[in-house]
Amino acid sequence: MNEKMMRDLSEAYGVSGFETEIKDVIRRYADNHYDELREDSLGNLIFKIGEGDKKILIESHMDEVGLIVKYIDDNGFVYVSPLGGLDAHTLLNQRFKLITSKGKRLWAVSGSKAIHLQEDGEDEKLKIKDMFLDFGVKNKEELQKLGVNIGEVLSYDAPFMVFGNGKYATGKALDNRTGCYTSMEIMRKVYKSKELKKRYTFFFAFTTQEEIGLKGARVAAFKEEIDFALVLDTSPAGDTPGIEKKVSELMLGKGVVIDYVQAEGRGLIMRKEHLEEIKKIFDKNKIPYQVEIGTGGVSDAAIIYITKSGIPTVGLGIAVRYLHTPVEVMHIEDLDNLVKGSLSLIESGFF
Ligand SMILES: [Zn+2]
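Residues numbered from 1 in each chain as written. Predicted model: local features only at pLDDT ≥ 70, side-chain atom pairs only at ≥ 80, totals over all residues.

Undergrad: Sorry if this is basic, but what is going on with the packing of helix H1 (residues 3–11) against helix H5 (residues 174–191) here?
TA: Packed helices, taken two at a time, are described by the angle between their axes plus the distance between the axes. Contact geometry of H1 with H5 gives a least axis separation of 9 Å together with a crossing angle of 135°. Classified by the angle their axes make, H1 and H5 are oblique. For the crossing formed where H1 meets H5, the hand is right-handed. Counting all contacts with H1, which are made through Met 5, Met 6, Leu 9 and Ser 10, the residues of H5 involved are Leu 174, Arg 177, Cys 180, Tyr 181 and Met 184. The class makeup of the residues in the contact of H1 with H5 is seven nonpolar, one polar and one charged. (Axes fitted to C-alpha atoms, helices over the stretch in contact; angles between N-to-C directions. Helix = DSSP H or I, 4+ residues; strand = E, 2+ residues; numbered from the N terminus. Parallel < 35°, antiparallel > 145°, perpendicular 65-115°, else oblique. Left-handed = near helix turned anticlockwise from the far one by under 90°. Contact = placed C-beta atoms within 7 Å. Nonpolar A, V, L, I, M, F, W, Y, C, P; charged D, E, K, R; others polar.)

Okay, here's the thing in structure tokens:
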């Protein structure tokens, strides 16, 4: 793993619909390893490489879950609405980052009543609408002077860190900056291959607004006549206390997740023959993998594969613990295997 790149991607600010800083990071790492770049009306970044007849879309959403300012009280406490699937319990007493419309960086913490002041059972009732953010100001006027008004957006503020035995890493937005990381690694490799650029035209799409309804991908997949799509995203790991194997068998360190069926079939259903062929290619290249039959949650693959007259689509990713929290956990070897596995599919002519 290129730790510096993964850290920069994870720590970048980029809440759904407000993917500002993350775009700069992606542009910086793309560093001229592409033929054309275009940004569409939804803010998707689409890098084009090659001139082959077959058009391949490699897609990863770059947005992350966050909060949007809804109301500010006279004392300068801020009330918010969620952008994306958030659990009130994971939001409490966290640190958040806000980049104002004018580019100013601010920090806030989500407050709560100290335990000393709580009555019995009070903590069980927490709802996002009752949660408030403390920006370290005296009143509303001071906060507005800093540039915080209704409509400003907050992301988690959490460091990316390799920890434990050195094979695990934690940070915010591993969903889906691990997908962006993989896409970037593939892009840089493909750009150097004359043969692949002759065989394919690649569109590397870093898309917006996945967490609030798969929106960027829908638009990104529409413009070109795509022959095949590879969607890179995370899946919820089931290897922590309290989750039964029959609910999720996905484990960290067990390899690439092949996202075969999503949300009991309401999301992507990959073609059976694609699954079998991927397994064969992965076996041959010694890429460990696990097959996901998901019960909840869909990715951009769910929308891309029914775009236009249908686009053959494969979903790959890694398993991540504690999704949509500031302390998501991944296994570094899974990420390395996702890069290797994706490249093995491209090089073997699977697409
Ligand atoms: Zn995701």
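Once you've had a look at it, read on.
Undergrad: Would you mind going over helix H7 (residues 215–223) with me for this structure?
TA: Given 3.6 residues per turn, any residue in an α-helix points the same way as the ones three and four places further on. Turning to H7, its buried residues are Lys 215, Gly 216, Ala 217, Val 219, Ala 220 and Ala 221. At its buried positions, H7 is contacted by strand E2 (45–50), strand E3 (54–61), strand E12 (200–207), strand E13 (228–232) and helix H9 (301–304). (Buried ≥ 20, exposed ≤ 12 C-beta atoms within 10 Å, placed from the backbone.)

Undergrad: It is not clear to me how the sheet that holds strand E5 (residues 78–83) should be interpreted in this structure. Could you clarify?
TA: Strand-to-strand pairing in sheets goes through backbone hydrogen bonds, with the strands running parallel or antiparallel. Spatially, six strands are ordered E4-E5-E8-E7-E6-E9 in a closed barrel, and the strand pairing comes out antiparallel. Across the sheet, the mean angle separating the axes of adjacent strands is 45° when strand polarity is ignored. (Pairing = 2+ DSSP bridges.)

Undergrad: Looking at this structure, how should I read the sheet that holds strand E19 (residues 328–331)?
TA: Taken in spatial order, the three strands line up as E10-E11-E19 in an open sheet, and their pairing is antiparallel. Lying at the two open borders of the sheet, with one neighbouring strand each, are strand E10 (161–163) and E19. Neighbour-to-neighbour, the strand axes of this sheet turn through a mean angle of 30°, independent of strand direction. By the bridge criterion, three bridges tie E10 to strand E11 (residues 168–171) in an arrangement that is antiparallel. Opposite Phe 163, over in E11, you have Tyr 168 as the bridge partner. Across the sheet, helix H10 (residues 332–347) is in contact with E11 and E19; its angle to E19 comes to roughly 65°.

Undergrad: Would you explain the pairing of E2 in this entry?
TA: Consecutive residues of a regular strand have side chains that alternate between opposite faces of the sheet. Counting buried positions over the six residues of E2 gives five, a clear majority of the element. Relative to E2, strand E1 (residues 36–39) runs antiparallel, the two sharing four bridges. Within the sheet, the bridge partner assigned to Leu 37 lies in E2 and is Phe 47. Counting the residues in the hairpin turn of E1 and E2 gives five residues, including Gly 43, whose phi is positive at 90°. The pairing of E2 with E12 spans six bridges and is antiparallel. Residue pairing for E12: Phe 47 is matched across the bridge by Phe 204.

Undergrad: It is not clear to me how the environment of Ile 22 should be interpreted in this structure. Could you clarify?
TA: Counting through the fold element by element, Ile 22 comes out in helix H2 (residues 21–30). Given 27 C-beta atoms within 10 Å, Ile 22 falls into the buried group. For the pair formed by Ile 22 and Thr 170, sequence separation is 148 residues and the distance between their alpha carbons is 18 Å. Here Ile 22 is in contact with Ala 12, Tyr 13, Gly 14 and Met 62, once residues within four sequence places are set aside.

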